[in-house]
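So the chains spell out like this:
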Amino acid sequence: MDTQEEAAYAAFVDASWRDLVRAAVFLGADPHEAQDLAQTTLVRCYDKWAQVDGAERREAYVYRMLVNAFRDNRRSRWWKQRSEADPADHLDDHPARDRTDQVATADAVHRALAGLSKTQREVVTLRYFVQLSEAQTAAALGVPAGTVKSRLSRALAALARDRHLLDIGDPS
Amino acid sequence: MSDLENLWNDLDAGSPPTAEVLRSARRRRRARRLRPLVAVGAVAALSAAFVAGGQLTRPTSDDGPVVGGTTPVTDLAPVAFHADLQPADSCGDLLATYRQRALGLVGPYGWDGQMSPYLHRLYPAAELADNARAPAPTTAQQGMADAGFGVQRRTASGTGTNTQEAAVDEPDTVKTDGSLLVRLRGSQLVAYDVTGEHVKRLSTLPVDGVREGELLLDGEPGSERVLVIGADPTSPRDPMTGERRGSRVLSVDLSDPTEPAITDEVTYSARVEAARQTGAAGEGVVRLVLDSGLPDLDFTHPHRGVTTKQAAERNRRAVRRSTLADWLPTYNAGNAGNARGGRADLLDCDTVAVPQREVPLDTTTVVTFATADPAAPRAFGLAGDTTISYQSADALFLASSGGGGGGCFGCPMIDTIRPVSGGTTYLFEFDLTDDQAVSVASGEVEGTIRDRWSMDYSGHELRVLVRPSSETARTNSIVLFHRRDDRLVETGRLDGVGHRFEEVRSVRWQRNLALVVTYRQVDPLYVIDLRGKNPSIHSELTLPGYSGFLQPLGRFRLVGVGEGPRPKADGGGWGAQLGLFGVHDLSEVKPLDTIHYARNTYPQAESDPRALTWLPEHRTVVTLIRHGDTGYLSIDELADQRLQHRMLEVEHGSDVAAVRVIGLPDGKVALVTGEDVRFLRLD
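Quick notes on the rules
Residues numbered from 1 in each chain as written. Chains lettered and ligands numbered in written order. Predicted model: local features only at pLDDT ≥ 70, side-chain atom pairs only at ≥ 80, totals over all residues. Core = buried A, V, L, I, M, F, W, Y, C linked by C-beta atoms within 7 Å. Buried ≥ 20, exposed ≤ 12 C-beta atoms within 10 Å, placed from the backbone. Helix = DSSP H or I, 4+ residues; strand = E, 2+ residues; numbered from the N terminus. Contact = placed C-beta atoms within 7 Å. Pairing = 2+ DSSP bridges. pLDDT = per-residue confidence, 0-100. Axes fitted to C-alpha atoms, helices over the stretch in contact; angles between N-to-C directions.

Participant: Explain the nonpolar core residue by residue, including any values.
Facilitator: Nonpolar side chains in soluble globular proteins tend to end up buried together. Residues and elements named next belong to chain B. Counting residues in each nonpolar core, the largest one holds 146 residues, and the members touching the most others are Val228 and Phe397. Top contributing element to this core by residue count: strand β28 (residues 513–519), with six residues. Among all residues touching Val228, those that are not within four sequence positions of it are Leu184, Leu189, Val207, Val210, Gly213, Leu215, Leu250 and Val252.

Structure follows, in structure tokens:
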């Protein structure tokens with residue numbers, strides 16, 4: 001990778017970090033795990049970076065890697081062991097106040113999304129929150145665009161029912 | 001999704017560990033080089049899908065510009081400015097610039113490197129959204145001069161049309177001056193007397209030379225004149241859009257409405273994109289914005305005996321052989337029956353300004369003429385697609401929007417929330433005099449604007465509602481501009497109007513505030529304070545569904561017409577809705593009453609502001625609601641905090657769009673339906 005490409009890659013890391021971490025949390029990771037996942041994903045993308053052409057495709061590619069990394073984590077035994085640990089154990093790693101807030105926020109997200117199936121959750125995270133295009137979401141999840149559409153609308157309907165969508169009172 | 005949205009926004013990721021990522025990545029690559037190639041297979045296969053063209057298509061023409069590339073994603077710098085519009089040094093130079101820009105756009109099938117100027121015409125906003133209901137164009141209005149921080153009443157223009165600006169009239173299929181009412185139905189111009197107890201038809205005049213026409217009305221009662229403006233049915237069609245390339249303006253003398261007469265007929269070789277009228281009664285000045293479109297050159301396409309490469313080369317040759325006659329518009333002004341002149345050039349080489357390369361290629365012409373003399377137009381042009389035009393009482397703004405250098409040929413034209421990449425909107429300001437428009441300033445802003453409703457000019461300040469392009473922050477923004485010498489300079493900005501992934505549904509500009517409705521599943525109605533250096537969100541009201549069109553009734557009341565979920569008690573589902581809001585206290589807009597229409601109803605005002613009429617003397621709002629093939633008038637009278645509501649079935653089929661309700665003097669109300677005009681009793 002030449003310097004120009006590396007500079008582009010570095011800029012991409014800067015720009016996409018926050019969304020990747022947030023997406024990982026929305027997929028189901030806790031804040032610490034989410035940062036690990038984002039970092040792992042970005043490192044893995046480095047090799048193929050210059051070959052994936054265009055900002056649109058790179059983005060879809062990175063998110064595909066992220067979703068896969070998250071799924072891998074969930075399957076591995078390492079995760080099973082970690083999930084038994086109390087998230088508060090990590091308080092010592094970072095300034096105490098920030099940590100609790102982040103953990104609490106992540107918890108709230110997980111509770112809100114608990115009513116969705118895994119695949120619905122993936123679609124809502126990528127399409128709705130990260131704001132990938134329909135084509136990008138389809139590419140990232142390896143499903144047809146029509147499936148993205150239908151899963152998204154079912155997911156949004158489920159969230160509406162559970163009142164995570166309509167946080168308002170009666171209009172009259 | 002308001003709480004989940006907030007959670008998303010609240011999640012902090014810390015600062016990106018870029019250096020560490022780079023170190024790990026380099027280390028990993030060095031380590032992997034030593035492993036057998038087989039281990040890399042999985043990643044290679046994964047990325048191959050993205051490299052080889054998987055589900056994200058790219059332009060295949062080797063003549064078209066490549067989208068994407070290796071430009072890093074950077075923080076968005078706001079507006080930069082560029083030099084004024086300048087004409088070319090000579091006709092030769094002007095032609096050279098057209099040819100040169102065109103060479104980059106032509107491929108084996110003709111014009112296929114640039115789709116962006118056609119994007120909003122081929123796929124009007126209603127078809128562009130996925131997952132959302134048919135969205136409405138943004139609608140906006142200018143408040144009256146002197147208000148403080150408050151909502152001002154908006155009613156129709158002097159000729160009965162709901163316009164964007166109070167002092168600038170717009171065409172419609174029905175026009176009135178209070179005693180004479182004229183309507184255009186197909187190829188017939190029908191005049192009525194609306195002064196008596198009943199509506200009286202006076203005359204019918206065939207106007208075959210114009211298709212899809214609309215009217216402008218000028219003159220004192222007793223000496224009225226109507227301009228019929230529309231497409232020229234004898235002109236060729238643009239193969240890209242299917243529309244007629246030419247247009248026609250007919251002038252009809254109605255001083256004796258029982259004997260109307262066509263007095264002028266002016267034909268243009270370009271399409272009328274916008275028409276507006278200003279000036280006192282009898283002294284009206286009309287301004288047209290014409291769009292030439294890319295010319296039909298002698299293009300070929302690949303076929304037996306002609307390869308793709310050969311076709312592309314032949315087409316390039318056709319471009320190199322093009323002349324100014326291909327690019328610049330002409331007109332023909334003749335009296336009906338006696339041709340007063342033949343075809344003449346509408347523009348000279350020194351009245352065409354050449355903007356920057358990035359403005360999509362086209363020719364836009366601004367034509368000015370007095371309503372009394374449409375055969376003597378004055379015109380200037382721009383060698384670019386700047387056909388989004390907004391006119392206030394004193395200034396005209398032209399904008400080219402968001403196409404950038406090439407658009408994305410073959411990409412799904414679907415995503416309104418993340419539009420075509422390379423989006424920069426170029427803005428040009430013109431001062432208006434009675435017979436001309438003078439270029440005074442230009443500027444640009446990152447992002448796209450959807451249409452004229454996204455702009456507003458008040459107190460020497462230009463306000464623009466900008467939608468995200470792929471290069472910018474992904475929210476809508478309101479940007480303020482002031483003129484400094486010949487530049488439009490950004491002087492203030494509000495980002496984050498609406499949460500991510502929310503689309504702006506309607507905008508209402510007032511002197512000191514803007515009302516903005518964005519939508520995903522719920523409808524936040526934002527009151528935006530425009531008084532400070534930067535606009536700011538003054539308050540926010542969230543309701544289910546959305547308002548696609550806002551009508552300020554006065555200082556205390558606002559009506560929003562749109563769609564939303566119906567109450568479970570009424571059977572649930574989705575349909576049109578009309579909401580009454582209390583806006584006396586703008587820090588807390590109050591929903592007062594809501595009318596839920598039947599399932600699967602659609603509010604016509606969402607796509608046509610002329611489908612709603614506010615009749616202040618009756619304290620009544622009348623708006624058209626569609627249900628399948630049938631059109632109903634919803635007639636709603638304000639009774640303090642609630643609406644007294646009734647429905648009236650009025651039309652069917654294609655005539656539904658023709659329905660108009662117009663307030664007349666003495667409290668009379670004219671109801672125009674497909675077939676006729678009658679008075680509507682509101683008690």
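Participant: An account of the environment of Thr40 of chain A is needed here, citing residue identities and associated values.
Facilitator: Residue and element names in this part refer to chain A. Within the fold, Thr40 resides in helix α2 (residues 31–46). Looking at Thr40, the number of C-beta atoms within 10 Å reads 18, which means it is partly exposed. With 25 residues separating them along the chain, Thr40 and Met65 place their C-alpha atoms 9.2 Å apart.

Participant: Residues and numbers for the pairing of strand β13 (residues 285–291) of chain B, please.
Facilitator: All names here are of chain B. Counting buried positions over the seven residues of β13 gives six, a clear majority of the element. Both strand β12 (residues 271–278) and β13 contribute to a ladder of seven bridges, which runs antiparallel. By the bridge assignment for β13, Ala274 is matched with Val289. Counted along the chain from β12 to the antiparallel partner β13, the turn is six residues long, and its residue Gly279 has a positive phi close to 105°. Alignment of β13 against strand β17 (residues 364–370), held across seven bridges, turns out to be antiparallel. Counted as the bridge partner of Asp291 is Thr364 from β17.

Participant: Explain helix α7 (residues 134–141) of chain A to me, using residue names and the numbers behind them.
Facilitator: Residues and elements named next belong to chain A. Of all eight residues in α7, eight are buried, a share of seventy percent or more. Those residues of α7 that fall on the buried side of the exposure criterion are Glu134, Ala135, Gln136, Thr137, Ala138, Ala139, Ala140 and Leu141. Within two residues after α7, Gly142 carries a phi angle of roughly 70°, on the positive side.

Participant: Kindly report on the confidence of the model for chain A, identifying the contributing residues and their values.
Facilitator: Residue and element names in this part refer to chain A. In the predicted model, chain A carries a mean pLDDT of 78, and 77% of its residues have values of at least 70. Taken element by element, the predicted model of chain A shows its lowest mean pLDDT in helix α4 (residues 77–83) (51) and its highest in helix α6 (residues 118–129) (91). The low-confidence segment residues 83–97, where pLDDT is below 50, has eight contacts with residues more than four positions distant or belonging to other chains. Every residue in residues 165–172 scores below 50 in pLDDT, and together they form 20 contacts with partners more than four places removed in sequence or on other chains.

Participant: If you had to explain the sheet that holds strand β32 (residues 557–565) of chain B to someone new, which residues and values would you point to?
Facilitator: Residues and elements named next belong to chain B. Strand order in this open sheet of four strands is β31-β32-β33-β34, and the pairing throughout is antiparallel. The open sheet terminates on both sides in strands that have one partner only, identified here as β31 (546–552) and β34 (590–599). Direction aside, the axes of adjacent strands within the sheet are offset by 20° on average. Where β32 meets strand β33 (residues 574–582), nine bridges bridge the pair, whose relative direction is antiparallel. Within β33, the residue paired with Val559 across the bridge is Leu580.

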